[in-house]
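Structural overview
Chain residues, written in single-letter form:
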Amino acid sequence: MTQFHSRYPALSDLKSRARARIPHFVWEYLDSATGSESVLRRNRAALDAVLMQPAALRGEITPDLSCRLLGRDYPQPFGISPVGMSGLVWPDAERILAASAARAQMPYCLSTVATRTPEEVADHIGDQGWFQMYPPRDAGIRRDMLARAKGAGLHTLVLTVDVPAASRRERQTRGGLTQPPRLTPRLALQVARCPSWAFGTLKHGMPRMRLMDGYAPKEMTGGTLPSTAHIGYLLRAAPDWEYLRILREEWQGALILKGVMESEVAAQAQADDLADAIWVSNHAGRQFDGAPAALDALRAIRRATTLPLIFDSGIEGGLDILRALALGADFVMMGRAWHYALGALGADGPDHLVDLLRKDMISNMAQIGARRFADLPARLLTL
């Protein structure tokens, strides 16, 4: 991927090019949050406030980026978060991302509301597959979904717990996206300006939530729904502790709680043995505009539990990954970033982003004299 570094040396470069190559209504779906999007600003401000001490006279440093999570070794501490309707952002996105994850030996978490089913990514993901679940209220659907994920080789279950109701996502709504997507004259004009996206979508078909469509009654799949009230919302429940206990019994494998911002929840999940890891996230601002920065929640949750902590929300480069690790995260996941890479460079994008993030982490660790991640907390200037 070295040929891309001169033109796209940062995630911001990929983001700019992606915006020009995907239709505006798709961009609004990917890039937007909810409300006034103040959570996005708080996430960025919290990361920027974490300073580290530069080092001098430390000699040559070759940082070690390897790490261990949930009994598995990884060559770097980051992976790909679940993003609903990835195939809308870039044609066949789920399988492209799965293949890139397999090459980089990093986790790829397939969304319940992806445009590909677990079976369709199984041949691409290798042994790096995770499955994110929006909990179905129907027990039969839940058990069948779990069986299909397990059968496809997705070995780690991620239960999203921070979506008790649909968010407003005003920018997304104004953009004109519906589920399934329908091309109005206004949207068709946007598509015409993005030939690579258009030809790819023509080849792979208009994206749909194929897993969820398979469980929906026909009367739910025949019409058009607002993008904030799609079939995934209609079939799922808001989980509680009893739901989590049932899921813990039904799933044979690692279980992660995603969307935790309360230290009490993390502590209880550990005390009751209901999770193997906690995923600290404010859904990157897409659910609740009044939430604190996810990084601020990370500090408190790290003090409340010894479970492995996964972090997302606001990560824009290798330095941000190091900031999260220094404050107690064991692993970092990103969602939008990989889709900016797809929009910018197509199938080459994710591999380039892996290389970009690794180089950025290595450079910054050398600057602060950190040979391994265990050295990071001592280099913090802010706590």
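A few points about the pattern of salt bridges
Per the stated rule, a full pass over the model turns up 24 salt bridges. A salt bridge links Arg-143 to Glu-250; the shortest N-O distance between them is 3.5 Å. Of this pair, Arg-143 sits in helix H7 (residues 139–151) while Glu-250 is found in helix H14 (residues 241–250), placing the two residues 107 residues apart along the sequence. With a relative accessible area of 25%, Glu-250 lands in the partly exposed category. A salt bridge links Arg-302 to Asp-330; the shortest N-O distance between them is 3.1 Å. Taken together, the positions of Arg-302 in helix H16 (residues 294–304) and Asp-330 in the loop between helix H17 (318–326) and strand E12 (331–334) put the pair 28 residues apart, joining distant regions of the chain. Taking the relative accessible area as the measure of exposure, Arg-302 reaches 22% and is therefore partly exposed. Salt bridges sharing common partners tie together Arg-44, Asp-48, Glu-316, Asp-320 and Arg-323.

Considering the state of the cysteines
With the rule as written, the count across this model stands at 0 disulfides. Residue Cys-67 stays outside any disulfide, its sulfur separated by 16 Å from that of Cys-109, the closest cysteine. You can call Cys-67 buried: its relative accessible area is 12%. For Cys-109, a relative accessible area of 1% translates into the label buried.

Structural notes on the pairing of strand E9 (residues 254–260)
E9 sits mainly inside the fold: 7 of its 7 residues count as buried. For strand E6 (residues 156–160) and E9, the ladder comprises 5 bridges, and the chain directions are parallel. Among the inter-strand pairings, Thr-156 is bridged to a residue of E9, identified as Ala-254. Relative to strand E10 (residues 277–280), E9 runs parallel, the two being bridged by 4 bridges. When the sheet's bridge partners are listed, Leu-257 is paired in E10 with Ile-278. Handedness of the β-α-β unit built from E9, helix H15 (residues 263–271) and E10 comes out right-handed.

Re unusual backbone geometry
The backbone phi angle of Gln-105 is positive, close to 55°, even though this residue is not glycine. Within the fold, Gln-105 resides in the loop between helix H5 (93–104) and strand E4 (108–110).

Describing the pairing of E12
Side chains Phe-331 and Met-333 project from E12 onto one buried face, and the interleaved Val-332 and Met-334 project onto a second face that is buried too. As judged from the 3 bridges shared by strand E3 (residues 78–80) and E12, these two strands associate in the parallel manner. Following the sheet pairing, Phe-78 is matched in E12 by Val-332. In the classification by handedness, the crossover that spans strand E11 (residues 309–311), the intervening H17 and the parallel E12 is right-handed.

Observations concerning the side chain of Thr-115
In this structure, Thr-115 sits in the loop between E4 and helix H6 (118–125). Here Thr-115 is in contact with Met-85, Ser-86, Gly-87, Leu-88, Glu-94, Glu-120, Pro-207, Arg-208 and Arg-210, once residues within four sequence places are set aside.

Details of the environment of Met-206
Structurally, the position occupied by Met-206 is in the loop between helix H10 (195–204) and helix H11 (210–213). Classification of Met-206 as partly exposed rests on a relative accessible area of 32%. For the pair Met-206 and Leu-88, spaced 118 residues apart in the sequence, the C-alpha separation amounts to 7.8 Å. Non-local contacts of Met-206, meaning those with residues more than four positions away in its chain, are made with Pro-181, Leu-183 and Thr-201.

Observations regarding the environment of Gly-346
With respect to the element layout, Gly-346 can be found in the loop between helix H18 (336–345) and helix H19 (349–368). A C-alpha to C-alpha distance of 32 Å links Gly-346 and Leu-235, two positions 111 residues apart in sequence. Once residues within four sequence positions are removed from consideration, Gly-346 is found in contact with Arg-21, Trp-90 and Ala-341.

A closer look at the packing of helix H1 (residues 11–21) against H18
For any two helices packed against each other, one specifies the inter-axial angle together with the distance between the axes. Remark: H1 packs on H18, axes separated minimally by 7 Å, with the N-to-C direction vectors making an angle of 60°. Taken together, the axes of H1 and H18 are oblique relative to one another. Both H1 and H18 take part in a crossing whose hand is left-handed. On H18, the residues touching Leu-11, Leu-14, Lys-15, Arg-17, Ala-18 and Arg-21 of H1 are Ala-337, Tyr-340, Ala-341, Gly-343, Ala-344 and Leu-345. Split by residue class, the contact of H1 with H18 holds 8 nonpolar, 1 polar and 3 charged.

Observations regarding H1
Within the sequence span of H1, burial applies to Leu-11, Leu-14, Ala-18 and Arg-21. Taken around the axis of H1, the buried residues stretch over an arc of 85°, which confines them to a single face. Counted as exposed and oriented over 90 degrees from the buried face of H1: Ser-16, Arg-19 and Ala-20. Contacts from the buried residues of H1 go to helix H2 (24–31), H10, H18 and H19.

Focus: the side chain of Arg-336
Turning to its location among the elements, Arg-336 is positioned in helix H18. The buried charged residue Arg-336 lacks any salt bridge partner; its closest oppositely charged side chain belongs to Asp-31, at an N-O distance of 5.0 Å. Filtering out sequence-adjacent residues up to four positions away, Arg-336 remains in contact with Leu-30, Asp-31, Ser-32, Ala-33, Leu-40, Ala-284 and Arg-286.

Calculation notes
- Residues numbered from 1 in each chain as written.
- Predicted model: local features only at pLDDT ≥ 70, side-chain atom pairs only at ≥ 80, totals over all residues.
- Heavy atoms only, no water.
- Salt bridge = Lys/Arg side-chain N within 4 Å of Asp/Glu carboxyl O.
- Helix = DSSP H or I, 4+ residues; strand = E, 2+ residues; numbered from the N terminus.
- Buried < 20%, exposed > 50% of the residue type's maximum accessible area, 1.4 Å probe, protein only.
- Disulfide = S-S within 2.5 Å.
- Pairing = 2+ DSSP bridges.
- Right-handed = clockwise from strand over helix to strand, strands pointing away.
- Contact = heavy atoms within 4.5 Å.
- Axes fitted to C-alpha atoms, helices over the stretch in contact; angles between N-to-C directions.
- Parallel < 35°, antiparallel > 145°, perpendicular 65-115°, else oblique.
- Left-handed = near helix turned anticlockwise from the far one by under 90°.
- Nonpolar A, V, L, I, M, F, W, Y, C, P; charged D, E, K, R; others polar.
- Arc of directions from axis to C-beta.
- Lys, Arg positive; Asp, Glu negative; His and termini not counted.

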